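Take a look at the letters that make up each chain.
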Protein chains: 2
Amino acid sequence: MNENDVNLISYRPDIRVLDATVRDGGLVNNFAFTDDFVRSLYHANIAAGVDYMEFGYKASKTIFKREDFGPWKFCDEEDIRRIVGDNDSPLKIAVMADVGRTDYKTDILPKKDSVIDLVRVATYIHQIPTAIEMIEDAKEKGYEVSVNIMAVSKVNDEDLNNGLRLLGQSSADVIYLVDSFGAFYPEQIRRLADRYLEVAEKTGKKVGIHAHNNQQLAFANTIEVVQKASYFDATVCGMGRGAGNCFMESLLGFLKNPKYNLAPIMYFVEHHMLALKEECEKNGTVWGYDIPYLLTGIMNSHPSSAIKFLKENRTDYVKFANELLDNFQG
Amino acid sequence: MNENDVNLISYRPDIRVLDATVRDGGLVNNFAFTDDFVRSLYHANIAAGVDYMEFGYKASKTIFKREDFGPWKFCDEEDIRRIVGDNDSPLKIAVMADVGRTDYKTDILPKKDSVIDLVRVATYIHQIPTAIEMIEDAKEKGYEVSVNIMAVSKVNDEDLNNGLRLLGQSSADVIYLVDSFGAFYPEQIRRLADRYLEVAEKTGKKVGIHAHNNQQLAFANTIEVVQKASYFDATVCGMGRGAGNCFMESLLGFLKNPKYNLAPIMYFVEHHMLALKEECEKNGTVWGYDIPYLLTGIMNSHPSSAIKFLKENRTDYVKFANELLDNFQG
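Just so you know, the residues in each chain are numbered from 1, in the order the chain's sequence is written. Each chain is given a letter, starting from A, and each ligand a number, starting from 1, according to the order in which they appear as written. Note on the predicted model: pLDDT of at least 70 is required for a residue's local features to be given, and 80 or more for side-chain atom pairs to be given and counted; whole-chain, interface and lining totals, by contrast, use all residues. In computing side-chain values, all of the structure's heavy atoms are included and hydrogens and water are not.

> Can you break down the overall build of chain A residue by residue, with the values?
The numbering of helices and of strands both runs from the N terminus, where a helix is a DSSP run of H or I of at least 4 residues and a strand a run of E of at least 2. Assigned secondary structure in chain A consists of 13 helices and eight strands. Here the radius of gyration uses the C-alpha set of atoms, whereas the globule reference equals 2.2 Å times the residue count to the power 0.38. Relative to its length of 330 residues, chain A is compact, with a C-alpha radius of gyration of 19 Å against a globular reference of 20 Å. Projected onto its principal axes, the C-alpha coordinates of chain A cover approximately 55 × 45 × 45 Å. Contact definition: two residues touch when any of their heavy atoms are within 4.5 Å. In chain A, once contacts between residues fewer than 6 apart in sequence are set aside, the share between residues at least 24 apart is 74%. Of the roughly 13,000 Å² of accessible surface on chain A, 48% is carried by carbon and sulfur atoms. Computed by Shrake-Rupley with a 1.4 Å probe, the accessible areas treat only the displayed protein chains as cover when residues are assessed.

> Outline the nonpolar core, supporting the account with residue identities and numerical values.
Each nonpolar core is a collection of buried residues, namely Ala, Val, Leu, Ile, Met, Phe, Trp, Tyr and Cys, held together in the definition by side-chain atoms within 4.5 Å. A 1.4 Å probe rolled over the protein chains alone gives each residue an accessible area, and that area as a share of the maximum for its type sets the label: buried under 20%, exposed over 50%, partly exposed in between. Phe55(A) and Phe55(B) are the most contacted members of the largest nonpolar core, which totals 226 residues. Residues in contact with Phe55(B), not counting those within four places in the same chain, are Val22(B), Arg23(B), Val38(B), Tyr42(B), Trp72(B), Cys75(B), Ile80(B), Ile83(B), Val84(B), Ile93(B) and Ala94(B).

> Go over the relation of the copies chain B and chain A with me, naming the residues and quoting the values.
Alignment of copies: least-squares fit on C-alpha atoms of residues with pLDDT of at least 70 in both copies. If you rotate chain B by 180° and push it 0.0 Å along the axis, it lands on chain A with an RMSD of 0.0 Å. In symmetry terms, the pair is related by a two-fold rotation axis. A shared interface surface links the copies, since 100% of the contact residues of chain B are contact residues in chain A too.

> Summarise the sheet that holds strand β4 (residues 118–123) of chain A; cite the residues concerned and give the values.
Residues and elements named next belong to chain A. Two strands qualify as a pair provided that DSSP identifies no fewer than 2 bridges between them. Around the barrel, which closes on itself, the eight strands sit in the order β1-β2-β3-β4-β5-β6-β7-β8 with parallel pairing between neighbours. Each strand of the sheet is rotated relative to its neighbour by a mean of 25°, with strand direction disregarded. Sheet analysis places strand β5 (residues 144–149) next to strand β6 (residues 174–178), joined by four bridges and oriented parallel. Bridging across to β6, serine 146 finds its partner in valine 174. Axis definition: a line fitted to C-alpha atoms, over the contacting stretch in the case of helices. Angles run 0 to 180 degrees between N-to-C directions. Against the sheet, helix α5 (residues 128–141) engages β3 (92–98), β4 and β5, with an angle of about 175° to β4.

> How would you explain helix α2 (residues 35–48) of chain B if you had to name every residue and give the values?
Residues and elements named next belong to chain B. Helix span is expected to be 1.5 Å times the residue number reduced by one. Across its 14 residues, α2 extends 20 Å between first and last C-alpha, which sits within 8% of the 20 Å expected from 1.5 Å per residue. Inspection of α2 places Phe37, Val38, Ser40, Leu41, Tyr42, Ala44, Asn45 and Ala48 among the buried residues, and these make up the whole buried set. The first or second residue beyond α2 is glycine 49, which carries a positive phi of 80°.

> Would you mind going over the interface of chain B and chain A in detail, with residue names and values included?
Contact residues are listed per partner, giving 36 residues for chain B and 36 residues for chain A. Put simply, buried area is the surface a 1.4 Å probe can reach on two separate parts but cannot reach once they are joined, added for both. In total, chain B and chain A occlude about 3,000 Å² of area from one another, counting both sides; carbon and sulfur atoms represent 70% of this. Of all residues in chain B, Leu8(B), Gln216(B) and Met266(B) give up the largest surface area on contact with chain A, accounting jointly for 20% of the area buried on that side. Salt bridges are defined by distance alone: a side-chain nitrogen of Lys or Arg within 4 Å of a carboxyl oxygen of Asp or Glu. For the pair chain B and chain A, the number of links is zero salt bridges. Polar contacts here mean pairs of N or O atoms no more than 3.5 Å apart (in protein, one a potential hydrogen donor and the other a potential acceptor; neighbouring residues in sequence count only if both atoms are side-chain atoms). Seen at the junction of chain B and chain A, the total is two residue pairs in polar contact (both at pLDDT 80 or more). Put simply, the parts of the chain that give the side of chain B that touches chain A at least two residues each are α7 (186–202), α8 (218–224), α9 (248–254), α10 (263–282), α11 (291–298) and α13 (317–326) of chain B. Looking at the side of chain B that touches chain A element by element, the count peaks at six residues for α10(B).

> Which residues make up the pattern of salt bridges, and what are the values?
Counted under the stated rule, the structure contains 56 salt bridges over all chains. Measuring nitrogen to oxygen at the nearest pair gives 3.2 Å for the salt bridge that ties Glu312(A) to Lys308(A). Classification of Glu312(A) as partly exposed rests on a relative accessible area of 40%. Residue Lys308(A) is classed as exposed on the basis of its relative accessible area, which comes to 52%. Among the salt bridges present, the one from Arg23(B) reaches Asp24(B), with a minimum N-O distance of 3.7 Å. Given a relative accessible area of 4%, Arg23(B) falls into the buried group.

> Just give me the short version of the state of the cysteines, but keep the residues and values in it.
Residues and elements named next belong to chain B. The disulfide criterion used throughout: a pair of cysteine sulfur atoms within 2.5 Å. Counted according to the given criterion, the structure contains zero disulfides over all chains. No disulfide involves cysteine 75; its nearest neighbouring cysteine sulfur is the one of cysteine 280, lying 18 Å away. With relative accessibility at 0%, the residue cysteine 75 sits in the buried group. Just so you know, cysteine 246 is unpaired, no disulfide at all, and the nearest cysteine sulfur is the one on cysteine 237, 12 Å from it. Accessibility expressed as a relative area gives 1% for cysteine 246, which makes it buried.

> Before we move on, can you summarise the pairing of strand β2 (residues 52–57) of chain B with the specific residues and values?
Residue and element names in this part refer to chain B. When you tally the buried positions in β2, you get six out of six residues, the bulk of the element. Here two bridges tie strand β1 (residues 16–19) to β2, and the two strands are oriented parallel to one another. Paired with leucine 18 across the bridge in β2 is tyrosine 52. Crossovers are marked right-handed if the path from the first strand over the helix to the second runs clockwise, as seen with the strands pointing away from the viewer. The handedness of the β2 to strand β3 (residues 92–98) crossover, carried by helix α3 (residues 77–84), is right-handed.

> Could you give me a rundown of the sheet that holds strand β4 (residues 118–123) of chain B, with the residues and numbers involved?
All names here are of chain B. Ordered by their spatial adjacency, eight strands build a closed barrel running β1-β2-β3-β4-β5-β6-β7-β8, and the pairing between neighbours is parallel. Ignoring which end each strand starts from, the neighbouring axes of this sheet average 25° apart. Here five bridges tie β2 to β3, and the two strands are oriented parallel to one another. From the neighbouring strand, tyrosine 57 faces β3, where its bridge partner is methionine 96. Relative to β4, helix α5 (residues 128–141) is tilted by about 175°, and along the sheet it contacts β3, β4 and β5 (144–149).

> Kindly report on the packing of aromatic side chains, identifying the contributing residues and their values.
Two descriptors summarise a pair of aromatic rings, namely the distance from one centre to the other and the angle between the planes of the rings. Between the rings of Phe, Tyr and Trp (Trp by its six-membered ring), a pair exists once the centres lie within 6.5 Å; its type follows the angle of the planes, with under 30 degrees stacked, over 60 edge-to-face, and the other angles tilted. A full pass over the atoms with the stated rule returns 26 aromatic pairs over all chains. Measuring from ring centre to ring centre gives 4.7 Å for Tyr185(A) and Phe254(B), while their planes differ by 80°; the resulting arrangement is edge-to-face. Taken together, the positions of Tyr185(A) in the loop between β6 and α7 (186–202) and Phe254(B) in helix α9 put the pair across two chains. Residues Tyr185(A) and Phe254(B) agree in their burial class; the two are buried. Here Tyr52(B) and Tyr231(B) contribute two aromatic rings whose centre-to-centre distance is 5.7 Å and whose plane-to-plane angle is 45°, an arrangement assigned as tilted. With Tyr52(B) in strand β2 and Tyr231(B) in strand β8 (residues 231–234), the pair connects residues that are 179 residues apart, well separated along the chain. With respect to class, Tyr52(B) is no different from Tyr231(B); both count as buried. Only when the NZ atom of a Lys or the CZ atom of an Arg is both within 6 Å of the ring centre and within 35 degrees of the ring normal do we say a charge sits over the ring. The ring of Phe69(B) carries the charged tip of Lys73(B) above its face, separated from the ring centre by 4.5 Å. For Lys256(B), the ring lying beneath its charged end belongs to Phe254(B), and the centroid distance is 5.1 Å.

> Residue-level account of the packing of α11(B) against helix α12 (residues 304–311) of chain B, with values.
Residue and element names in this part refer to chain B. α12 packs onto α11 with a crossing angle of 165° between their chain directions and a minimal axis gap of 9 Å. One finds that α11 runs roughly antiparallel with respect to α12. Crossing hand, α11 versus α12: right-handed. Contacts between α11 and α12 involve Pro292, Tyr293 and Thr296 from the first element and Ser305, Ala306, Ile307, Phe309 and Leu310 from the second. Grouping the amino acids of the contact of α11 with α12 by side-chain chemistry returns six nonpolar, two polar and no charged. Convention used here: angles under 35 degrees read as roughly parallel, angles over 145 as roughly antiparallel, angles from 65 to 115 as roughly perpendicular, and any remaining angle as oblique. A crossing counts as left-handed when the near helix is turned anticlockwise from the far one by less than a right angle, and as right-handed when that turn is clockwise. Classification convention: Asp, Glu, Lys, Arg as charged; Ala, Val, Leu, Ile, Met, Phe, Trp, Tyr, Cys, Pro as nonpolar; all other residues, Gly among them, as polar.

Now the structure itself:
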């Protein structure tokens, strides 16, 4: 299909959808998903035509204790295989590895020994040289590799240009535009995507987008770049840290590629997600748009203060806004 | 300020914000707001620098029984005055009148006898000749007048052009772009706003926007036209029929005019809206994004079926989607 023919009725066949529910949602409930939940989501994703399912992090066991988290903080090969076997399906398996918080050299196996397809390296701007080492390591081991530059709403233009140039020279297949703080408006996302795309096109890479819903703009920001990006992250019911992510239901409802099917995701919501959501609400581990997240989004701040505010059952929004201003560091 | 200087840091001083909480929210709870709630919202709006507060409908008492609704279905002069006195404030008072459901000739008083400032005529495309009679009646009585063309996502291009041309020749001050079914994506809203603006600019009128949140795009669609429209509707906590509206908190957090102040609205949420929301949830009269509204939005359908689905505590989304397809009439 000619790119110029892409409109709200047609589709781009090169678009890939990644389900990040267990990984980003794991930040809500400490990765305490039952195997039944993860397995049902795996089958729902296959039936829905989703392209990638992110199972969690490859976190360092020297930094994090196994007993403090569910298995998807670590994504050991045998844990993933307990769910997917040899993954005899078109759905690809992804894991995330944070720069500085992973023993990637030992914990990321050679591809021939793993059902994982895609290694997603997550880096802050000042860590990019280490990120590139991780990218090259994963590429040499045989994986598809993507890289997320986090908290980019805090990065100045010069640093971002330099970072993008370095990543353009790396072996990464995809460079992700990540709105960690839900701080961007669609017109900013559009301009940023153009900058990412310029680097990516020169070096044969693709651009991805991972949005947060602080200002209820995760879906809007995602579809804003539907003609620029190729990899689109979403989570079921928007489950993810703080305000959460772009809703998978919305994204699949928008995309026109016949291979996508919303019904299995809705079925999964009815039979698994509603119960998890209720349990999370009982435990005070909620996610989704709320005023405190709106405020951290507007102020381009990490959502941790808003998560704390809600966990303490506070509703004094005006005081919270003032506290944010006191700590405002642009 | 030069229009070309408008960006995410500057502002357009001619922008007007209208709080539609009691009117659109009244469709959720049958206008059963306490006087204390409405009075507190009135004072919050004044403190927040909001330009207009819509109190409700001017509904016909021959069609609707007084005892079936709260007072804001009818907005009698003495009811509004019980809240605002002579409205000694910069906040203007608005009411809505639906074509065919209002005794506007008798129930809309001459402006000199009323604290109302703005009469909002709501019309479907086939009712425009009657809408124009109502517009002229309100204008002759001395009011500011706006007109909402409802359900425009169901209207073909030819009819919309003809309707806009007629309204362009009327005495209305503002023509509102209304996404009744939450069916539009930002790029569609942008193109539609251009068509409205073309008519409005030729005839000295302004354009307004009233969005619904079925696809979590109400805020995104609203700010998409921030350089085109002049009147922006929002409601506190997005309260409104079905999926609700653009959140006032988001809109005020986005606009940069120093006269707007988010704090009084947040204070109002804490002290009044949270309790109302809890009460509504107990009564099963909820609002806000949910999968059934996403589906009616995607399918460009009236939200009534989704409201019914949720009222019946159903969660069989896949079946509901199929029911919508069965009844799909484009």
